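Notes for the structure review
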Amino acid sequence: MPEALIIGGGVAGPATALFLHRAGWAVRLFESRAEPDAYGGLFLNVASNGLAVLETLGLRERLVADGHLSPSLEMWSGRGRKLGTVPNGPAGKPELGSVVVRRAWLHQVLRDAVDAAGIPIVWGARLDDIEESPGRVTARFADGTSASGDVLIGCDGVGSVTRRWIDPSAPEPAYTGSLSVGGFARVPGLEPTPLRQHMVFGDRGFFGYLVRDDGTVYWFANPSRPAGDRSALRDVPASAWLDELRAAHAGDPDPVPRILDHVEGEIGAYGIFDLAHVPRWHRGRVVALGDAVHATSPNAGQGASLALEDAATLASCLRRESDPATAFAEYERLRRPRVEAVVAYARKLGRQKQGGSSRFATAIRDLLLPIFLKNAMNDTRNDELYAYRVPV
């Protein structure tokens, strides 16, 4: 029985483990965190292509049970003018729209399936180095332990150790110029927003929100600022973020200021990075997938879904090809054009979010945005975002 070592317990790692387990592989999953984080990551969009992968794993229904169905995005100017409505899924097919879920819930759904399959998860295992020998590959961890298998699959995120081992000259992630700051709120009297999210192109920043049936508000903002250390962002208290965001969005239409006045719990903040092109995805018995080789900004709502696609595609290639290098090359051939196109598209969408440097610039942006949105609705790439057929 072939054995896979999978590095990373986020989205791509557990999904890959489940697909390979079905294919008769022995799998071990290694996660650097000491334990699950019930809050980490706030929330994310799982698009129809990602939901199709979860359906194949028998997990879609459970995930959606605690999600907010969101087939439509309503766009607003910072002056309260509706700019348009765009599909958050294949155009004209709201039943195939996206769902917004807490990231921790997606992780739990995948992790519970891994546990049910009897796949071991080793917590607190931070990858430090990789060694390859004839017919085997060994992962060495920061705590001095090690593990060996037939292949090593790096699902270790945008800061991937695996990517750097495959190619020491691999590019570093590029900072997009924006942060993602967000959290949860409960605003008295604010009505639910069934089947949609609201996006506000404010004068001094972008703001998005939805209201669940129970009144819980999911909100985020994308302030522009120079890149900073991630740990330094974590050290900023919630009160400081709220002071900054209230000032930036004070002139935005209702309910944006009210949401910021009724924030509950922690506030998450991180820099938005992407990877437009990583020249090498694999080396010998080692391959990387997900954010490790094609991190995308959240502007297209495709990060988690692309990771799920990678998992299904890689497992299919390993089923068909007994030689790992051949399987990895086929996986890269199938995936690279699609994911690089999505990363570029998400970057383009992100530029539309930036506030103007002056009132005149903002007015021009608001004038052109409806045209951009109309073109986006008719852009064939919109439907291509969701066009993934799960291998059988």
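On a predicted model such as this, the values are computed, not experimentally measured, just so you know. (Residues numbered from 1 in each chain as written. Predicted model: local features only at pLDDT ≥ 70, side-chain atom pairs only at ≥ 80, totals over all residues. Heavy atoms only, no water.)

1. With respect to the sheet that holds strand β11 (residues 146-149)
What the three strands build is an open sheet, ordered β9-β10-β11; its pairing is antiparallel. What marks the edges here is a single partner per strand, and that holds for β9 (127-133) and β11. Averaged over neighbouring strand pairs, the angle between their axes works out to 20 degrees when direction is ignored. Inspection of the sheet shows strand β10 (residues 136-141) paired to β11 by four bridges, in the antiparallel sense. By the bridge assignment, A139 is partnered in β11 with A147. (Pairing = 2+ DSSP bridges. Helix = DSSP H or I, 4+ residues; strand = E, 2+ residues; numbered from the N terminus. Axes fitted to C-alpha atoms, helices over the stretch in contact; angles between N-to-C directions.)

2. A short note on the side chain of N88
Relative to the elements of secondary structure, N88 occurs in the loop between β6 (82-87) and β7 (98-102). Not counting residues within four places of it along the chain, the set of residues in contact with N88 comprises N45, S70, P71, S72, L73, G97, S98, Q197 and Y386. (Contact = heavy atoms within 4.5 Å.)

3. Re unusual backbone geometry
Keep in mind that most residues, glycine aside, have a negative phi and that most peptide bonds are trans. Following D254, the chain continues to P255 via a peptide bond in cis, the omega torsion being 15 degrees. Checked against the element boundaries, P255 lands in the loop between α7 (238-248) and α8 (256-261). In this structure, L195 takes a positive phi of about 65 degrees despite not being glycine. The topology assignment puts L195 in the loop between β13 (174-186) and β14 (196-202). Owing to a relative accessible area of 45%, L195 belongs among the partly exposed residues under this scheme. (Buried < 20%, exposed > 50% of the residue type's maximum accessible area, 1.4 Å probe, protein only.)

4. Remarks on the pattern of salt bridges
Between side chains of opposite charge, pairing is possible as soon as their charged atoms come close. This structure, assessed with the given rule, holds 22 salt bridges. Between R335 and E309 there is a salt bridge whose closest N-O contact spans 2.7 Å. Taken as a pair, R335 in helix α11 (residues 324-353) and E309 in helix α10 (residues 303-320) lie far apart in primary sequence, 26 residues in all. A residue is classified by how much of its surface remains accessible, and E309, at 0% relative accessible area, is buried. Among the charged side chains, a network of salt bridges with common partners joins E3, R28, R136 and D150. (Salt bridge = Lys/Arg side-chain N within 4 Å of Asp/Glu carboxyl O.)

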